[in-house]
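Fold and geometry: a report
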Amino acid sequence: MDIKKILKENEFVFKKKYGQNFLLDQNILNNIVNLGNITKDTLVIEIGVGAAALTKKISEKAKQVLGYEIDLNLKKPLDKILEEYKNVDVIYDDFLNRNIKEDIKKYQYKNIMVVANLPYYITTPIITKFIDEKINVEKIIVMVQKEVADRFSAMPGTKNYNSLTIFLNYYFDVKKAFFVSRNVFYPKPNVDSAVVVFNKKQEKLKLNNETHFFKLVKTAFTQKRKTLKNNLIDYDLNKVNNILKTFNKDINQRAENITIEEFVKISNELSKEK
Ligand code: SAM
């Protein structure tokens, strides 16, 4: 089935604001789908169905695919493209406005995986939404622009390491899987991409108080160029310094040099007495 032809027949107009660059390379599509051990017990939530190149491949492996597509103009071509794919439902709406629990309650499945190829500005809100709504997702596979992928998987001490990295790495083991050239998309975007895999952490770090931890981390990164001493003025700096000393560090360091485990230790100690 020629996707370009179907889009043309339906006079589909690509919208830049929705990041509509469709992936057509069969090898890369296969590689993405093979990253998730999708089985006939898996419900796959796909965000941004586009012309369904990925959706069709996922459908062959999964029990059920629930896709979201913001652009209602894709409904007509998608009805045709997905005619034979009985285990695929598409909801035409902005995924960020949905109640995921409500949407998935009619399905039977053993595990949930999420697959998405999206514009960069929506990727973090999407991942955060799954966390906030407490959806038990085993794996999230996202394709994002290369620079965003670097931020997700950044190591302490590098310029891309920030509070988002810590937030995401608290819930997931984050791994960059492979690089994808801009040349395999239609139409061709201005940036290269990379595929990132988020695997749910089997054992989460032991936190006394999640809210305290995330506030501490956010505050520590308020002004990236400043030291902890300057960013954490509302915290017991003596205590913070003493804890950091056990890691051969101190409050004159910047947050970008503090590991997630060290932040956990600081937060646990500070929230103990409250
Ligand atoms: N999955 C297809 C592929 O790999 O070829 C399409 C990927 S394309 C980069 C992103 C798709 O996400 C577009 O079809 C766009 O309309 C859709 N999209 C963008 N923002 C969305 C949102 N908030 N909710 C649902 N779909 C969205």
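Here the structure is a predicted model, which is why all the values come from computation and not from measurement. (Residues numbered from 1 in each chain as written. Predicted model: local features only at pLDDT ≥ 70, side-chain atom pairs only at ≥ 80, totals over all residues. Heavy atoms only, no water.)

**Some details on the nonpolar core**
Rule in force here: Only buried residues count toward a nonpolar core, which is a set of Ala, Val, Leu, Ile, Met, Phe, Trp, Tyr and Cys residues joined through side-chain atoms within 4.5 Å. Buried, partly exposed and exposed residues are distinguished by accessible area as a fraction of the type maximum, computed with a 1.4 Å probe on protein chains only: under 20%, between the cut-offs, and over 50%, respectively. A run of H or I in DSSP counts as a helix once it spans at least four residues, and a run of E counts as a strand once it spans at least two, with each numbered from the N terminus. Each domain span listed reflects an automatic or database assignment of domains.
Counting 61 residues, the largest nonpolar core has I45, I47, F130, F198, F213 and F263 as its most contacted members. The leading source of residues in this core is helix 8 (residues 163-171), at six residues. Here this core spans two domains, and each of domain 1 (3-200) and domain 2 (210-273) adds at least three residues to it.

**A short note on the site of the ligand**
Which entries qualify depends on this criterion: Throughout this document, a residue counts as near a molecule or strand when at least one of its heavy atoms sits within 4 Å of that molecule or strand. Pairing of N or O atoms within 3.5 Å defines a polar contact, subject to two protein rules: one partner must be a possible hydrogen donor and the other a possible acceptor, and residues neighboring in sequence count only if both atoms are side-chain atoms. The method behind every accessible area is Shrake-Rupley, applied with a 1.4 Å probe, and residues are considered shielded solely by the protein chains displayed.
Near the ligand you find 20 residues, and of these L23, G48, E69, D94 and N117 are the closest. Contacts to the ligand include E46, whose side-chain N or O atom sits 3.3 Å from a nitrogen atom. The fraction of the free accessible surface of the ligand (600 Å²) that becomes covered by protein chains is 97%. Elements supplying a minimum of two residues to the shell around the ligand: strand 1 (22-23) and strand 3 (64-69).

**Topic: the domain arrangement of the protein**
The condition is simple: Residue contacts follow a heavy-atom distance rule, with two residues in contact if any of their heavy atoms lie within 4.5 Å. Once two parts are brought into contact, the accessible area they lose, counted with a 1.4 Å probe and summed over both, makes up the buried area.
Domain boundaries assigned for the protein yield domain 1 (3-200) and domain 2 (210-273). Taken together, the contact pairs eleven residues of domain 1 with 14 residues of domain 2. Summed over both sides, the interface between domain 1 and domain 2 buries roughly 1000 Å², with carbon and sulfur atoms accounting for 69% of that surface. Of all residues in domain 1, Y161, I166 and Y170 give up the largest surface area on contact with domain 2, accounting jointly for 48% of the area buried on that side.

**As for the environment of N199**
Along the chain, the position of N199 falls in strand 9 (residues 193-200). Residue contacts for N199: discarding those within four places in its chain leaves E138, K139, Y171, F172 and D173.

**Some thoughts on helix 6 (residues 120-132)**
Quick reminder of the rule: Helix span is expected to be 1.5 Å times the residue number reduced by one.
In this model, helix 6 (13 residues) spans 19 Å end to end at C-alpha, consistent with the 18 Å of a helix rising 1.5 Å per residue. Just beyond helix 6, the residue with positive phi is K134, at close to 55°.

**A few points about the sheet that holds strand 2 (residues 42-47)**
How we decide: Pairing between two strands requires that DSSP report at least two bridges joining them. Structural elements are reduced to axes, namely lines fitted to C-alpha atoms, with helices fitted over the stretch in contact, and the angle between N-to-C directions of any two is expressed from 0 to 180 degrees.
What the seven strands build is an open sheet, ordered 4-3-2-5-6-9-7; its pairing is mixed. Either end of the sheet is taken by a strand with one partner, and the two such strands are strand 4 (88-92) and strand 7 (172-180). Taken over all neighbouring pairs, the strand axes of this sheet differ in orientation by 15° on average, direction set aside. Against the sheet, helix 3 (residues 53-61) touches strand 2, strand 3, strand 4 and strand 5 (111-117), its axis set at about 175° to strand 2.

**As for unusual backbone geometry**
The residue after Y186, namely P187, is reached through a cis peptide bond having omega -10°. By the secondary structure assignment, P187 is in the loop between strand 8 (185-186) and strand 9. Positive phi outside glycine occurs at K134, with the angle close to 55°. Along the chain, K134 turns up in the loop between helix 6 and strand 6 (137-145). Even without being glycine, N248 reaches a positive phi, approximately 60°. By secondary structure assignment, the location of N248 is in the loop between helix 11 (237-245) and helix 12 (260-272). Residue classification places N248 among the exposed residues on the basis of a relative accessible area of 73%.

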